[in-house]
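# A look at the structure
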Amino acid sequence: MAGIYIHIPYCKQACYYCDFHFSTSQRTLPAMIDAICQELNLQKDYLPGKPSLQSIYFGGGTPSLLSPLHLERILNTIYKLHHVETDAEVTLEANPDDLSLEKLQSFYQLGINRLSIGIQSFQDDVLRQLHRAHSAKQAIEAVRQAQAVGFRHISIDLIYGIPGVSHNRWLKDIEQALALQVGHISAYCLTIEEKTVFGRWYQKGKLTPTDDAVAAAQMALLIERLEAAGFVHYEISNFALPGQFARHNSSYWKQLPYLGVGPAAHSYDGHSRQANIANNALYIKSIAAGKVPAQGEVLSPQDHANELLLTGLRTIWGCSLSRIRQYLTPRQWDGLQQEIARYVAEGYLQLENDTLRLTKKGKFIADSILEALFVVD
Amino acid sequence: MKNIRNFCIIAHIDHGKSTLADRLLEYTQTVDQRKMQAQVLDSMDLERERGITIKSHAIQMKYNYKGETYILNLIDTPGHVDFSYEVSRSIAACEGALLVVDAAQGIEAQTISNLYLAIEHDLEIIPVINKIDLPAANPEVVGDEIIDLIGCKREDIILASAKEGIGIEEILQAVVERIPAPEGDPNAPLQALIFDSVFNPYRGVEVIFRVYNGRIRKGDKVKFWATGREYEVEEVGILRLDKEPRDYIDTGDVGYLVSGIKQAKEVKVGDTITTVSKPCDAPIKGFKEVKPMVFAGIYPVENSEFEDLREAMEKLQLNDAALVWEPETSAALGFGFRCGFLGMLHMEIVQERLEREFDMTVITTVPSVKYHAYTTGGKMIEVSAPSEMPDPAMLDHIEEPFVKVQIITKAEFVGNIMTLCLERRGVLKQQNYLTTDRVELVFEMPLAEIIFDFFDKLKTISRGYASLDYEFLGYRESKLVKLDILLNGERVDALSAIVHRDKAYDWGKRLCEKLKELLPRQQFEIAIQAAIGTKVIARETVKALRKNVLAKCYGGDITRKRKLLEKQKKGKKRMRQIGKVEVPQEAFMAVLKLDQ
């Protein structure tokens, strides 16, 4: 049980909210494909015990920028080095403006069986506000065309809590998403990150973040509408129809090992986490010299406990207290139990046998609760 | 005795006092280059970091000049108004002073009050213009300033660069030639001035002194005049880089003694040492009992750390004679200590030393002066914390300490300084022009108005060109009230303050606003109220936190998010839970930051 993540660090243009690693110049792209294939070779034994792969995930950046030939090379490299299960989930993140009919058909034929389409909003003025490269119409057409080509697993991304966007308009976005009959929706509350255009505007006082009460109301609206339509709220920002849960992403929340390849990609082998350098040129140079430019850290027992809380509580699977307890001293365990009892009593957490979960109310302030539960010296 | 020279260095922060001292030690081979650590004299880490001298130090150098060996005692002085009494005692132990002025900056006001102190004690002043190697150096103009100020001749001024080693020889020669040798009667009864003490965990307190008359020998039975305590001198010696024992220290010289004194507070700066068998007639003039001026509560963040804090305070007091404390209890903060400090810098230093040397995280409450509250029954109660204030119904009137404040500044800043002092309830008593450009202002003001941020404010509005000195006048009646802060209806005793009635509304409003900024949002609404007695005079609300959850948590977000939450949680460890409300440490000091 393991997965591989491939980071494709290129975008046509910078969205104003995004702080992932990408470049808008594709000059280094051919060399990058070589480097990614080379890193796959260098890291072929990273995952402990040579597990078979359940998932492959192309993220970015914008992986849909890639030509089918490039994708094929990467996929072939993976297939050559690893045993990939026959029903493995192979996801590609895509922007609507890249999804021509021909490209969709090529992707499908290459074995991509899941698309995660970055739609964000179905309203053109909002798309402009976010500096997206596509229109609402293009987004709807992309989904329909992908369905026509045969993709049975389609996820779309939406953003709420955008300054100036009313509850009504947000509701319209939700209804439009449901009307497209996709099986998976990721809905993210806008976070203003420091090193983005929005971040700079915020610092200069040109952008006022949405009040948290407004964002909370939009989140409540989202949960209510999607649950009514049969979706399961299986992670804070993820909703799926039964059978459509994202397998690769779920492995992050279930603490399963994964290998991340490409600049800024992260890996986890069950004991330590590591991250590749977030710089395209330096990444290519180092890989060419035969060295994976990664920095990592071994997780301490305390880190393990905190990560189990952090990832587990965000999901419907919750976290197993007996698993967490293994990592704690008796004193730390006592402290944790006291905090849990307090939040259970206040209705933010629920404890069912060994499993701890957030209640509906708890999901809204998950970070405050996590902070209280965290074990620190 | 004719070959002894006792001198100190008067300089503004950053004008190169410590570098010059280092250079003198190197030149006289008191310290070899190998052992040289920048700023040898500033022995506490805190001093080296802040670039200021907190305690006095002394060191002896040998210097050969024209075939004779001279003993030069360099006595370093603290550089802050909180310690002005200690400065006066160090100066009293000298016959001369090096006035060190930065060649680019010119004379700064902080230098002036110490300079006057030195002139008052008849010290021979040797002016030195330092940093002449700087591109911006302007020794001509700076020289004019010095001549204006002390009336010396231009050729008396030594041009130097301690950094480059220029002028060091000349300075040493001037110390020998211009500073008079000490006077005194070697055959008279012992009379020595204590100007410093150093705590040594193995040997007890080392007393640093200057002998005025007579001689102090190993084995002597000595008496400290002010405390009346008697000791046997186990060891005397001179202060080289390390302490070097001698059989005796003679008239005019500087030395240390060890006699198994366990606590710093037994040794009072300014006290006189004499012998039991043949005491001197009178003590050396100028001794003052140093009294704390500022009081504040110090509490452990965790109640369970109270005993650890007590132990840390006891150890701290061993080498900080000025620190006084006694246990107190606060409804909001539990068990802690009410402490008395010389001033705000002293308070900060104590807090920082607790954190650094003893790894104690503490909460300090709003600083206060000592008030005299008179009850209707005519009884006087000393109040150094708002919680000690008697019930308003029982209260007849309150008196607060007043001080005479002396400010020396440039003429152009007089207007701004007047405004500041009048805001702080000051009354102008004198305005003297020392030169056409230099003005001395004398105010009478309540001490409470100058202990917080007055000095910082003064420096800002005068661009650093103002010196401050103050002396205690006495207690005077004032219209004071106790202002309480309530969080969700609960009175938080640690946030109460005693303020002037006319300022209470403004103060209450601003304090509520400041607390609103400082209190983190929680799952429920927090009402912040300011009240006098039962009357609420200001209110602010911290809205409930409605949503706090990270949108994305994938591969790379996990570590980042975990670390962020861990850091936040550690930050919360410095918070106190009052009722259900979590209050960060800074909130207890919010009062001090009302203007920011």
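Starting from 1, residues in each chain are numbered consecutively following that chain's sequence as written. Throughout, the order in which chains and ligands are written sets their labels, letters from A for the former and numbers from 1 for the latter. Residue-level local features of this predicted model are given only where pLDDT is at least 70; pairs of side-chain atoms are given and counted only at 80 or more, and the full residue set underlies all totals for whole chains, interfaces and linings. No hydrogens and no water enter the side-chain calculation; it runs on all heavy atoms of the structure.

Turning our attention to the overall build of chain A. Only DSSP runs of H or I reaching four residues or more are called helices, and only runs of E reaching two or more are called strands; each is numbered from the N terminus. If you tally the helices and strands in chain A, you get 15 helices and 15 strands. Burial classes follow relative accessibility: with a 1.4 Å probe on protein chains only, a residue under 20% of its type's maximum area counts as buried, one over 50% as exposed, and anything between as partly exposed. Scored against the burial criterion, the 377 residues of chain A give a buried share of 56%. Should any heavy atoms of two residues lie within 4.5 Å, those residues are counted as being in contact. Considering only contacts within chain A whose residues lie at least 6 apart along the sequence, 71% involve residues at least 24 apart. Method for areas: the Shrake-Rupley scheme with a 1.4 Å probe, in which residue coverage is limited to the protein chains shown. Surface accessibility of chain A: about 15700 Å² in total, with carbon and sulfur atoms responsible for 50%.

What follows deals with the pairing of strand β33 (residues 581-584) of chain B. Residues and elements named next belong to chain B. Strands are treated as partners if at least two bridges between them are detected by DSSP. Looking at chain direction, strand β32 (residues 575-578) and β33 are connected through four bridges and run antiparallel. Opposite R576, over in β33, you have V583 as the bridge partner. Hairpin remark: β32 followed by β33, antiparallel, with two residues in the connecting loop; positive phi at G579, about 65 degrees.

We describe a pair of aromatic rings using the distance from one ring centre to the other and the angle between the two ring planes. In this analysis, rings of Phe, Tyr and Trp, with Trp reduced to its six-membered ring, are considered paired at centre separations within 6.5 Å, and the interplanar angle assigns stacked below 30 degrees, edge-to-face beyond 60, and tilted for intermediate values. Enumeration over the complete set of coordinates arrives at 22 aromatic pairs over all chains. Seen from their ring centres, F198 of chain A and W201 of chain A are 5.7 Å apart, and the 45 degrees between their planes marks the pair as tilted. Of this pair, F198 of chain A and W201 of chain A both sit in helix α7 (residues 197-203), three residues apart, which is roughly one turn of the helix. By relative accessible area, which is 1% here, F198 of chain A ends up buried. Between F306 of chain B and F337 of chain B, the aromatic rings sit 5.0 Å apart at their centres with planes inclined by 15 degrees, giving stacked as the arrangement. Here the residue F306 of chain B occupies a position in helix α7 (residues 306-318), and F337 of chain B occupies one in strand β19 (residues 334-341), the gap between them amounting to 31 residues. Exposure remark for F306 of chain B: the relative accessible area of 11% places this residue in the buried category. An aromatic cluster of three or more residues is present, and its members are Y188, Y234, F245, Y252, W253, Y258, Y268 and W317 of chain A together with Y554 of chain B. By definition here, charges over rings are those cases where NZ of Lys or CZ of Arg is within 6 Å of the ring centre and within 35 degrees of the ring normal. Lying across the ring of W225 of chain B, K223 of chain B places its NZ or CZ 5.7 Å from the centre.

Residue and element names in this part refer to chain A. With antiparallel pairing, three strands are arranged side by side in an open sheet as β13-β15-β14. Looking at strand neighbours, the two that pair on one side only are β13 (319-320) and β14 (349-352), the edges of this open sheet. In this sheet, strand β15 (residues 355-358) lies alongside β14 in antiparallel orientation, the contact comprising four bridges. Counterpart to L349 in the pairing with β15 is L358.

Looking now at the state of the cysteines. Residue and element names in this part refer to chain A. A pair of sulfur atoms, both from cysteines and within 2.5 Å, is called a disulfide here. As enumerated under the stated definition, the model contains zero disulfides over all chains in all. With no disulfide of its own, C15 lies closest to C18 among cysteine sulfurs, the gap being 6.2 Å. According to the relative accessible area criterion, C15 is buried, its value standing at 13%.

In short, shape yes, function no, at least from these values alone.
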